[in-house]
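# Structural features, examined
Next come the chains, spelled out residue by residue.
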Amino acid sequence: AAGDDPPANEQNEATNGDNGDDPVNPADVSLLQKIIRKGLVENANDVEIQRQDPNSPLYSVKTFEALHLKPNLLKGIYSMGFNAPSKIQETALPTLLADPPQNLIAQSQSGTGKTAAFVLAMLSRLDSQFNFPQVLCLSPTYELAIQTAEVATRMAQFCPEIEIKLAVRGEEMPRGAKISEHIIIGTPGKVLDWGLKFRSFDLSKIKVFVLDEADVMISQQGHQDQCIRIHKCLASTCQMMFFSATYGQDVMEFAEVIVPRPIIIRLKREEESLDNIEQYYVKCKDQQAKYEALTNIYGSISVGQAIIFCHTRRTANWLAEKMAKHGHSVAVLNGDLTVEQRIAVLDRFREGLEKVLITTNVLSRGIDVEQVTIVVNFDLPIDMQGKADCETYLHRIGRTGRFGKNGIAINLIDSPESMAICKAIEKHFNRKIRFLNAEDSDEIE
Ligand code: ADP
């Protein structure tokens, strides 16, 4: 059913959908996903490869040894717990490490191993005998630059000769001073200052240029132009690498400006499906009745954990308070929280310290909470026009291949409008949403 969605929809993956009154900032979502993630996101799809020059050979590797890395770099990779290249790395790494260097555009969802791939390429390409920047990596925000630098530091832990310089707010260079580190990781504004205004390093000596999170970059005001200005100062022989979690038209147009004659590799997101999900709807006369139905249902199927989606923060807070008063351990995730607070909430929920997570937006999506067996739509997802938002419904309820487990979805209906939305969703996916009598939850199998 998910295949009905045109691929262009992935474009807005992080920002679209029913966020209630919570605006979602793509840079925040990206950071949150990076911090919370404990490992690779599995994906059963095949990598798609596109080449401009069909004469250039293309390899793929199944082991890190096959890449003939510096021994200390290989040691660093293994010490990070990586045993074999991820799917995207199998093709990206030989391309990134090829001689002569090849340009690459890679697109795959967050968590598939892009960062590890380009960090490895950055570390293997530099020559530590020369004390000037040879590798430049641009990230959209301060926090994302720090994340990448941390990965680089860990991977280079057995290569003490490699030095990294952060080019982010708070870092200053005295006028006239030259940067001696081999790698610069930073945000476009600072890199532009140091590279062009202060001439703290020579952009024309950069051998490897990485543009990370290109889709988030585009969403940050002015960043795209800054990247292009930096790019103009690079040598034509500089290897260009471009990474993005989405591949909308604006991202690909940006990629064309940055990366001449690229090899393009894509790994499509694994589709979510409703196949193993029992879907129900419950008729209620108002919000109070929805609450009662919810506690009835939840009380009688006390298995695992539940996520409850509300349309607004107000409803979420009201519901959380009410449930807490009745002795349920609940957590709330909404746009009032800082990124750190959101991480803390999700970590606690994952550990099972709270049984119920109430949320207003799609931030909790993509975050593996395997124990969740019930998803409740306290409010059904609607778009700006008030129509059924089927895509968001699927993201809330659906599961990808790796969760073969069964789940239960319950939709609370309190008006003819919400009933119509429920019916529209049922029709869209062609999957029955069954009536459930909330007073008699024995009906749930
Ligand atoms: P992306 O940049 O696509 O979001 P990352 O490179 O950050 O993905 O990788 C996602 C997670 O998987 C990280 O926790 C990273 O440490 C881990 N990871 C990356 N490559 C491998 C690998 N080959 N084997 C095991 N884990 C990996």
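Below or above, wherever it landed, is the structure these notes cover. (Residues numbered from 1 in each chain as written. Predicted model: local features only at pLDDT ≥ 70, side-chain atom pairs only at ≥ 80, totals over all residues. Heavy atoms only, no water.)

### With respect to the packing of helix α13 (residues 390–397) against helix α14 (residues 416–429)
Applied cut-off: To obtain an axis, a line is fitted to C-alpha atoms, over the contacting stretch when the element is a helix, and the angle between two such axes runs from 0 to 180 degrees between their N-to-C directions. Secondary structure elements follow DSSP: runs of H or I no shorter than four residues count as helices, runs of E no shorter than two count as strands, and numbering proceeds from the N terminus. Comment on the angle field: the value is read as roughly parallel under 35 degrees, roughly antiparallel over 145, roughly perpendicular from 65 to 115, and oblique elsewhere. We call two residues in contact whenever any of their non-hydrogen atoms come within 4.5 Å of each other. Ten residues, namely Ala, Val, Leu, Ile, Met, Phe, Trp, Tyr, Cys and Pro, are considered nonpolar, four, namely Asp, Glu, Lys and Arg, are considered charged, and the remaining ones, Gly among them, are considered polar.
The interhelical angle for the contact between α13 and α14, taken along N-to-C directions, is 80 degrees, at an axis separation of 10 Å. Looking at the two axes, α13 sits roughly perpendicular to α14. The residues of α14 that touch α13, namely those facing C390, Y393 and L394, are I425, H428 and F429. Grouping the constituent residues of the contact of α13 with α14 by class yields five nonpolar, one polar and no charged.

### Quick look at the pairing of strand β8 (residues 262–267)
The condition is simple: Only protein chains enter the area calculation, which uses a 1.4 Å probe; residues under 20% of their type maximum are buried, those over 50% are exposed, and those in between are partly exposed. Two strands qualify as a pair provided that DSSP identifies no fewer than 2 bridges between them.
Across the six residues that make up β8, a large majority, six, are buried. Pairing geometry for strand β1 (residues 47–51) and β8, over five bridges, is antiparallel. By the bridge assignment for β8, V47 is matched with L267. Bridge analysis of strand β2 (residues 103–108) against β8 gives six bridges, and the strand direction is parallel. Bridge pairing in β8 places Q107 opposite R266.

### Some details on the sheet that holds strand β11 (residues 330–333)
Strand order in the open sheet formed by seven strands is β11-β12-β10-β13-β14-β9-β15, and the pairing between neighbours is parallel. In this open sheet, the two edge strands, each paired with only one partner strand, are β11 and β15 (433–435). Here the average twist between neighbouring strands, direction ignored, is 25 degrees. Judged from the seven bridges that link them, strand β9 (residues 277–283) and strand β14 (residues 407–413) form a sheet pairing that is parallel.

### A few points about the pairing of strand β12 (residues 356–359)
Every second residue of β12 is oriented toward a common face, with V356 and I358 on one face and L357 and T359 on the other, all of them buried. In this sheet, β12 lies alongside strand β10 (residues 305–309) in parallel orientation, the contact comprising four bridges. Bridging from a neighbouring strand, A306 pairs with V356 of β12. Pairing of β11 with β12, which is carried by four bridges, proceeds in the parallel orientation.

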